[in-house]
Amino acid sequence: MFDIRSFVRENVLLLDGAMGTMLQRRGLEPGELPELLNLSAPDDITAIHAAYLKAGANVITTNTFQANEYKLGSQALVNEVVAAAVGCARAAGARHVALDVGPLGQLLAPMGSLSFERAYAAFQVQMQAGERAGADLIIIETIADPYEAKAAILAARETTQLPIICTLTFDANGRTFVGCDARTAVLSLQELGLAAFGANCSLGPSALRPIIKVMLEYCQLPVVLQANAGMPVIREGQTVYATGPEQYAREVLELVDQGVGIVGGCCGTTPAYIQLICEGLAGIKPRPPRPLRVCAASSGSKSVIFDEGIVAIGERLNPTGKKRMQQALREGTLSYLLDEALRQQEANAQILDVNVGIPEIDESVVLPTAIRELQAVVTTPLEIDSADPAAIEAAARIYNGKPLINSVNGKQEVMDAIFPIVRRYGAAVIGLTLDENGIPSSAEGRLAIAQRILETAKEYGIARENLLIDCLVLTASAQQEQVRETLKAVALVKDQLGLKTVLGISNVSYGLPEREVINATFLAACLGAGLDAAILNPLSWRYQDVLAVFRLLNSEDKGARLFLQRQARAGSVAQAATSVALVASTASIATTALTDATVPTGTNMAPIATTALTDATLFAHPSVEPIKQAGEIASHHEAETASEQSLSLAIERGQRELAAQLTENLLKDSEPLQIINRAFIPALNRVGERYESGEIFLPQLLQAAQSAQSGFAVLSQASACSDGVLQAKGTILLATVEGDIHDIGKNIVKMLLENYGYKVIDLGKDVPAARIVEAVRKDGIRLVGLSALMTTTVRSMQATITAVREAHLDCAFFVGGAVLNEDYAQMVGADFYARDAMEGVLIANRFFAQNKDEGLEPC
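Residues numbered from 1 in each chain as written. Predicted model: local features only at pLDDT ≥ 70, side-chain atom pairs only at ≥ 80, totals over all residues. Heavy atoms only, no water.

Before going further, it helps to spend a moment on the overall build of the chain. In terms of helices and strands, the chain carries 34 helices and 25 strands. The burial tally for the chain puts 59% of its 859 residues in the buried class. Taking contacts inside the chain between residues at least 6 apart in sequence as the whole, the part at least 24 apart equals 76%. In the structure as shown, the chain presents an accessible area of about 32600 Å², 50% of it carried by carbon and sulfur atoms. (Helix = DSSP H or I, 4+ residues; strand = E, 2+ residues; numbered from the N terminus. Buried < 20%, exposed > 50% of the residue type's maximum accessible area, 1.4 Å probe, protein only. Contact = heavy atoms within 4.5 Å. Areas by Shrake-Rupley, 256 points an atom, 1.4 Å probe, with all protein chains shown as cover.)

Structure representation (structure tokens):
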């Protein structure tokens, strides 16, 4: 087995370059499956591998990028192609052969229909075929969705013995296609059993530099770079890549000097590129990066770093004392959970605790179901809260991101059950300071249990930064003296163990009146003691004010920006004065509680615990900042009634069941067109604006679109049963051009166009030009959207547009796809270029709003 980690300690590992580029030079036809050439033209594949070996590549990647059952059609053919591909690499003389594994070409649920389990199974077939054929390692590459990457990594780790490299592909905005930033990608995937992690494709080395910089800052593994040779451009009618071998090698070597340990090439690169890198690496030893070790949790698009300031964990997704939630769980309806989750996210909860534990249900089924549904509508990381190890594992396995598990404790059998799950799925975990003897009455006793939990975690290979300690809050009504012990224990854990701490704040007031005042006061005392994360009700303005003041005084809110925004949205000065008094009054509590504990140096404790605030006029009650609450969002709606506002908000939030229900209710008093114009369209417009501005990303865009679809289905049924008043704004034909079988982008455009009231005729993928000509003529189409993912099929796009024009059919074309840009759009003869799905909607809106003679300016 090839030991990648050992190799890169002494050498920079050089991978090969592009296969597709070389095949195109050898006459690969549009639509021809490169993977089948392993069977039909093995000598050509072997010759390309040999050229890369001669150039100096240490590892040869097989020609199996999409050798999966979705592209090849059968598992038997996958096995045959993979075996032949590995054979071609060996025939070329490769010592180290990497099985190349690309994306499956389908969106995973909830964005698409492909389940996590089905994706895992498809990857398993390809990877096991590679191991049987004699591959030495696996390279999972050009993945845009970290959730798909997780399925691939687990399939490789659990069903083969091969080392795994994984690289994601990023857009120029620093995020993947689904909106994941580089830091979140690293934190989500690096602890799943990888040998190396990095970025490939999409951009050239210089454009990927900011992404690589982030990876070097956070990644504990060797960092990989396999960039494109810049972006494709049109020169004299031909597609070429902008970055030549000399420039490419120079830029790659600069990143090696910064700490990148594994390099190679992607689209547009050839043996000439690899040879220059090889020559430049002569005599160069790897420069070991010194990444940060951070305590973190993440979702599919957002990470929360506990080292960066106090973290608020929302407590409301817990059935204890909540009859409505208990009933919803019994009935298997999760709309209540989704609404509570969204309310907490809009109230700035940074992590959401998810607990579904009631006796009547099977937690191992309901908890992962709840996690799936919640991750479809919220971007906030989730805390998996259960006492059932089977439920925790089921949820952690399908979780998209790095979960926080709540919890483990000092009992040996509990640690033996939970720590393997934490290690297996790269999670963080909360350790409770209790054991077989219960909760110690002294802070020192709780510290001893925390120490034991830490030592056991290390034995299981869990990094200390992945462990947080809950020193446990007891009720002031029954165990009043224990409040001070909890505060003291927090300080001891931070000082002597250097671990992050978390507490459930509301436990302290159980059985007492004025619970919110007690909780807010205790929260301030805990912050003074050095607490890192508080489990609380984020909808409480008292808690929010305490957190805001603390973040200001602890220099987390730089320049008081957020605090001043809160002041601008001021509530009553009396409420603010109460909050200030709470913070001020806790100084003596925290200070006294810590008399016998060493004050941790470099923590957030000392300045806050001894600061008295007296100027009540500085503070006001702004409720929540910076994300708008539901009420504020609704106040800006074009809708005129509360029901229309509720429907609009449900669409924006991605609440499908609620959107359908509210639409049905509105139909009792409103016409379908009125509902569309006053609820659907305003909501979709706002979602589109937020997507264009980078406030939300593809998953949230699609969830809103699917919510609108659920409402439209109700309207369509009502219209069919009445007088059919719903009419399409226009008819648009969509197709992926001949030779191209990728249709994810086209399908997204279709969904959005239909939501905006257009009738879409979808011809599918790999559509010949003649069929498009026929459809345009038959249906009187005025606007056609064409999609292509590969540079080889851009020519088919041009041929299609030419065929329609030569048939003297009067219609306009907009084009899109990963490889396209404005220059490509002009070259193929298109009228408009859609850089993403929302741009396609905007093009359609403007096109059909204007008469043909006044049409849009072409791209």
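In this structure the tally under the stated criterion is 36 salt bridges. As a salt-bridge pair, aspartate 44 and arginine 26 come within 3.2 Å of each other at their nearest N and O atoms. Remark: arginine 26 occurs in the loop between helix H2 (20–25) and helix H3 (37–40) and aspartate 44 occurs in helix H4 (residues 42–55); sequence separation between them is 18 residues. Among the salt bridges present, the one from arginine 330 reaches glutamate 360, with a minimum N-O distance of 2.6 Å. A residue pair is termed long-range when its members are at least 10 positions apart, and arginine 330 in helix H13 (residues 323–331) and glutamate 360 in the loop between strand S14 (351–354) and helix H15 (363–377) qualify at 30 residues. A network of salt bridges, in which partner residues are shared, links Glu692, Arg835, Asp836, Glu839 and Arg846. (Salt bridge = Lys/Arg side-chain N within 4 Å of Asp/Glu carboxyl O.)

Strand order in the closed barrel made by the 8 strands is S13-S14-S15-S16-S17-S18-S19-S20, with parallel pairing throughout. Across this sheet, the average inter-strand angle for adjacent strands is 30°, counted without regard to direction. Where strand S19 (residues 500–504) lies against strand S20 (residues 533–536), 3 bridges are found, and the strand directions are parallel. Within S20, the position partnered with valine 502 by the bridge is alanine 533. Contacts from H15 reach strand S13 (311–317), S14 and strand S15 (382–385) within the one sheet, and its direction differs from that of S15 by about 170°. Strands strand S18 (467–470) and S19 of the sheet are contacted by helix H19 (residues 482–497), whose axis makes an angle of about 160° with S19. (Pairing = 2+ DSSP bridges. Axes fitted to C-alpha atoms, helices over the stretch in contact; angles between N-to-C directions.)

This paragraph deals with the pairing of strand S16 (residues 404–409). Within S16, 6 of the 6 residues are buried, leaving the element largely enclosed by the surrounding structure. At this point the chain moves from S15, through helix H16 (residues 389–398), to the parallel S16, and the crossover so formed is right-handed. In this structure, S16 lies alongside strand S17 (residues 428–432), joined through 5 bridges in parallel fashion. In the sheet register, valine 408 faces S17, and the bridge partner there is glycine 431. With respect to chirality, the unit in which S16 leads through helix H17 (residues 412–424) into the neighbouring parallel S17 is right-handed. (Right-handed = clockwise from strand over helix to strand, strands pointing away.)

Inspection of the entire model under this criterion finds 0 disulfides. Just so you know, cysteine 266 is unpaired, no disulfide at all, and the nearest cysteine sulfur is the one on cysteine 201, 3.9 Å from it. Residue classification places cysteine 266 among the buried residues on the basis of a relative accessible area of 10%. (Disulfide = S-S within 2.5 Å.)

Quick look at the packing of H17 against helix H18 (residues 443–459) now. If you want to describe how two helices pack, look at the angle between their axes and the distance between the axes. One can describe the packing of H17 onto H18 by two numbers: an axis separation of 11 Å at closest approach and a directional angle of 40°. What the angle tells us is that H17 and H18 run oblique. As for the relative orientation of H17 and H18, their crossing is right-handed in sense. Contact with H17, carried on its side by Gln412, Met415 and Phe419, involves Arg452, Ile453, Thr456 and Ala457 of H18 and no other residues of that element. Considered class by class, the residues forming the contact of H17 with H18 number 4 nonpolar, 2 polar and 1 charged. (Parallel < 35°, antiparallel > 145°, perpendicular 65-115°, else oblique. Left-handed = near helix turned anticlockwise from the far one by under 90°. Nonpolar A, V, L, I, M, F, W, Y, C, P; charged D, E, K, R; others polar.)

Below, the discussion takes up the nonpolar core. In terms of nonpolar packing, the biggest core is built from 175 residues, with Met127, Ile140, Phe197 and Ile212 touching the most fellow members. Setting aside chain neighbours within four positions, we find isoleucine 212 in contact with Ala199, Val223, Val224, Leu225, Leu255 and Val260. In terms of nonpolar packing, the next biggest core, distinct from the first, is built from 48 residues, Tyr691, Ile696, Leu752 and Ala812 among them. (Core = buried A, V, L, I, M, F, W, Y, C linked by side-chain atoms within 4.5 Å.)

Further remarks concern the sheet that holds strand S22 (residues 759–762). Taken together, 5 strands build an open sheet; the order of strands is S22-S21-S23-S24-S25 and the sheet is parallel. Strands at the two margins of the open sheet, each flanked by one partner only, are S22 and strand S25 (832–833). Relative to strand S23 (residues 783–787), strand S21 (residues 731–736) runs parallel, the two sharing 5 bridges. Its bridge partner being in S23, isoleucine 732 is matched across the sheet by leucine 783.

Looking now at the packing of aromatic side chains. Considering all chains together, one arrives at 7 aromatic pairs under this definition. Between the aromatic rings of tyrosine 758 and phenylalanine 848, the centroid separation amounts to 5.6 Å while the plane-to-plane angle is 40°, which identifies the pairing as tilted. With tyrosine 758 in the loop between helix H30 (744–755) and S22 and phenylalanine 848 in helix H34 (residues 837–849), this residue pair connects regions lying 90 residues apart in the sequence. Here the aromatic cluster, defined as three or more aromatic residues joined through ring pairs, consists of Tyr758, Phe847 and Phe848. (Phe/Tyr/Trp six-rings, centres within 6.5 Å; stacked < 30°, edge-to-face > 60°.)

Now for the side chain of arginine 183. Relative to the assigned elements, arginine 183 resides in helix H9 (residues 182–189). Ignoring any residue separated from it by four or fewer positions in sequence, one finds arginine 183 in contact with Val214, Tyr218, Ser303, Ile305 and Glu308.

Attention now moves to the side chain of threonine 486. Tracing the backbone through its elements, the reader meets threonine 486 in helix H19. Note on threonine 486: relative accessible area 0%, which makes it buried. At 2.9 Å, the side chain of threonine 486 forms a polar contact with the side chain of arginine 446. Threonine 486 has contacts with Arg446, Cys471, Leu472, Val473 and Leu503, leaving out every residue within four places of it along the chain. (Polar contact = N/O pair within 3.5 Å; in protein donor to acceptor, adjacent residues only side chain to side chain.)

Inspection of the secondary structure assignment puts valine 737 in the loop between S21 and H30. Residues valine 737 and aspartate 766 lie 29 residues apart in sequence; the distance between their C-alpha atoms is 5.2 Å. In this view, valine 737 contacts Asp766, Val767, Leu786, Ser787, Ala788, Thr793, Ser796, Met797 and Thr800; residues no more than four positions away in its chain are not counted.

Moving on, we come to helix H11 (residues 245–258). Its 14 residues give H11 an end-to-end C-alpha distance of 20 Å, which sits within 8% of 20 Å, the value for a rise of 1.5 Å per residue. All of the buried residues along H11 are Tyr248, Ala249, Glu251, Val252, Leu255 and Val256. The arc enclosing the buried residues of H11, seen along the axis, measures out at 165°, which places them on a common side. A positive backbone phi angle near 130° is found at glycine 259, which sits one or two residues after H11. (Expected span 1.5 Å × (residues − 1). Arc of directions from axis to C-beta.)

That bond from alanine 109 to proline 110 is cis: its omega, 10°, falls within 30 degrees of zero. With respect to the helices and strands, the residue proline 110 is situated in the loop between strand S3 (97–101) and helix H7 (116–133). Here the residue pair asparagine 406 and serine 407 is connected by a cis peptide bond, since its omega of 25° sits within 30 degrees of zero. Following the sequence through the fold, serine 407 ends up in strand S16. Residues other than glycine seldom take positive phi values, yet asparagine 348 does so here, at roughly 75°. Turning to its location among the elements, asparagine 348 is positioned in the loop between helix H14 (335–346) and S14. Exposure remark for asparagine 348: the relative accessible area of 18% places this residue in the buried category. With phi around 70°, leucine 472 is a residue other than glycine that occupies positive phi space. Relative to the elements of secondary structure, leucine 472 occurs in the loop between S18 and H19.

Attention shifts here to H9. Among the 8 residues of H9, 8 are classified as buried, and the element is accordingly described as predominantly covered. By the N-cap criterion, in which a side-chain oxygen at the helix start approaches the backbone nitrogen of a residue two or three places on, H9 is capped by aspartate 181, the distance to arginine 183 being 3.1 Å.

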